[in-house]
Structures are given as structure tokens and as C-alpha cells.
Amino acid sequence: MKLAIGNDHVAVEMKKEIKAYLEDKGYEIIDVGTNQTDRFDYPISGYKVGKMVAGGEADLGICICGTGVGISLAANKVKGIRACVCSEPYTAKLSRQHNDSNILCFGARVVGVELAKMIVDAWLEASFLGERHQRRVDMIMEIERTQHLAAAEE
Ligand code: RB5
């Protein structure tokens, strides 16, 4: 599986740790983040990871900034992206199972490296459950596509 990973200046060390951890597990990592600790604007990495996932160059993506929030907002502006900020494994797992999240985000200032590994594992080991969840994800994508939600008019 190919994973795109991106980060800002706050998350350089965390990105390196998670990248090495996942490479050891056999994942192919496409690193579009920065390795510099000079200020680096997180929307650039969020956008790049979003484009790689939406375009099929990566199967899934991981985005890390200080809180995970800014980079998730940027990634979510790319059509087709469902990026979720997760600070513990339960939400990470459910974001795959129920929301079909395709980018995992977390904060290098919020979680430690060992917790981050558990979050990443929970997310990568889970898969979308479909059925009733598919209908709801379809609604989210309808809003993105049309800026309208037919079900809200009923
Ligand atoms: C950088 O100071 C910080 O704003 C960024 O890493 C992130 O937390 C934004 O959401």
C-alpha cells in the first residue's frame, strides 16, 4: 500500500518517526512534507497529500502539523478528501469504518510518538464497513459536489 505523508515545521521529527515506523512495516511512503524546521505553511503539505490521494497516486494519506487541524482543513478542500483529526485510536478506527476517511491527521504538539503509532495502526488496520455508512458518506460527497443536500429538503 502506498501512503502519502505531509507535515509542517512543527511536525518534522514526528513525521520522520512515523515514516520510519511505517516503512519498517512494509508500506511505501511518498513524503511530500518538509524536513526543515524553518516556518513552513501547513496548507502546502495538506494540499499535496490531498491531491495525491484524490488522484490515486497514493492509497491513503497521513498529515501532521501542530494540532492536526490546519493541515486537515487544507486537505479537506481537495475534492474527494475526507481528512479526520484523530488524537486516539478509537476515533481513528471509526473514522475508517464509518466515515471512510482517506487522510488521517494528528498533532505533533498533542500526541506523543508512541500514541501516534497506535493511532496510525488502528486507522490502517480498519476498513470501511459500507451499508448504512455508505449512504451517509454519499451525502457528504453530495454536499461537496453540488453544495446542496437533497435529503435536507425532505
Ligand atoms: C504552526 O505554528 C501551527 O499553527 C500548525 O502547526 C498547526 O497547529 C495548525 O493548525
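The structure this text deals with has already been given above.
Residues numbered from 1 in each chain as written. Predicted model: local features only at pLDDT ≥ 70, side-chain atom pairs only at ≥ 80, totals over all residues. Heavy atoms only, no water.

Colleague: Would you mind going over the pattern of salt bridges in detail, with residue names and values included?
Modeller: The full count for this structure, using the stated rule, is seven salt bridges. A salt bridge links R96 to D100; the shortest N-O distance between them is 3.5 Å. Side by side, R96 and D100 carry an identical accessibility label, which is buried. (Salt bridge = Lys/Arg side-chain N within 4 Å of Asp/Glu carboxyl O. Buried < 20%, exposed > 50% of the residue type's maximum accessible area, 1.4 Å probe, protein only.)

Colleague: Describe in detail a nonpolar patch on the surface, supporting the description with residues and values.
Modeller: On the surface, V69, L73 and V85 cluster together to form a nonpolar patch covering roughly 230 Å² of accessible area. For V69, the location among the structural elements is in helix α3 (residues 69–76). Exposure remark for V69: the relative accessible area of 40% places this residue in the partly exposed category. (Patch = residues over 30% accessible without salt bridge, like charges linked within 9 Å, V, L, I, M, F, W, Y side chains within 5 Å. Areas by Shrake-Rupley, 256 points an atom, 1.4 Å probe, with all protein chains shown as cover. Helix = DSSP H or I, 4+ residues; strand = E, 2+ residues; numbered from the N terminus.)

Colleague: Account for the side chain of S95, naming residues and giving values.
Modeller: With respect to the secondary-structure elements, S95 resides in helix α4 (residues 89–97). A polar contact is formed between the side chain of S95 and the backbone oxygen of A92, at a distance of 2.9 Å. If near-sequence neighbours (up to four positions away) are discounted, S95 is found in contact with C84, C86, D100, S101 and W123. (Polar contact = N/O pair within 3.5 Å; in protein donor to acceptor, adjacent residues only side chain to side chain. Contact = heavy atoms within 4.5 Å.)

Colleague: Can you lay out helix α5 (residues 113–125) for me, pointing to particular residues and giving the numbers?
Modeller: An ideal rise of 1.5 Å per residue puts 18 Å on 13 residues; α5 measures up with 18 Å between its terminal C-alpha atoms. When α5 is considered as a whole, its buried residues turn out to be A116, K117, I119, V120, D121, A122, W123 and L124. (Expected span 1.5 Å × (residues − 1).)

Colleague: Mind laying out the packing of aromatic side chains, listing which residues take part and the relevant values?
Modeller: As enumerated under the stated definition, the model contains zero aromatic pairs in all. When the ring centre of W123 is taken as reference, the NZ or CZ atom of R96 above it lies at 5.9 Å. (Phe/Tyr/Trp six-rings, centres within 6.5 Å; stacked < 30°, edge-to-face > 60°. Lys NZ or Arg CZ within 6 Å of the ring centre and 35° of its normal.)

Colleague: Residue-level account of the packing of helix α1 (residues 12–24) against α5, with values.
Modeller: At a closest axis distance of 10 Å, the pairing of α1 and α5 adopts a crossing angle of 50°. Taken together, the axis directions place α1 and α5 in an arrangement best described as oblique. In the crossing of α1 with α5, the sense of the turn from one axis to the other is right-handed. When α1 is examined against α5, the residues M14, E17, I18, Y21 and L22 are found in contact with a partner set consisting of V113, A116, K117, V120, D121 and L124. Residues belonging to the contact of α1 with α5 are distributed by class as follows: eight nonpolar, no polar and three charged. (Axes fitted to C-alpha atoms, helices over the stretch in contact; angles between N-to-C directions. Parallel < 35°, antiparallel > 145°, perpendicular 65-115°, else oblique. Left-handed = near helix turned anticlockwise from the far one by under 90°. Nonpolar A, V, L, I, M, F, W, Y, C, P; charged D, E, K, R; others polar.)

Colleague: Please provide a residue-by-residue account of the sheet that holds strand β3 (residues 60–65), values included.
Modeller: The strands making up a sheet are joined through hydrogen bonds of the backbone, oriented either antiparallel or parallel. Reading across the sheet, the five strands line up as β2-β1-β3-β5-β4 and stay open at both edges, with parallel pairing between neighbours. The open sheet has two edge strands, β2 (28–31) and β4 (83–85), and neither has a second partner. Strand-to-strand, the axes of this sheet are offset by a mean angle of 25°, without reference to chain direction. Bridge count for β4 against strand β5 (residues 103–107) is three bridges, and the pairing is parallel. Bridge pairing in β5 places V85 opposite C105. Where α1 meets the sheet, its contacts fall on β1 (2–7), β2, β3 and β5, and the angle it forms with β1 comes to roughly 170°. (Pairing = 2+ DSSP bridges.)

Colleague: I'd love a proper account of helix α6 (residues 132–146), names of residues and values included.
Modeller: Its 15 residues give α6 an end-to-end C-alpha distance of 21 Å, which sits within 8% of 21 Å, the value for a rise of 1.5 Å per residue. For α6, the complete set of buried residues consists of H133, V137, M141 and E142. On the buried face of α6, the contacting elements are α4.

Colleague: Can you break down the environment of E142 residue by residue, with the values?
Modeller: Within the element layout of this structure, E142 appears in helix α6. Relative accessible area serves as the criterion here: at 18%, E142 is assigned to the buried category. As for E142 and E57, which are separated by 85 residues in sequence, their C-alpha atoms are 23 Å apart.

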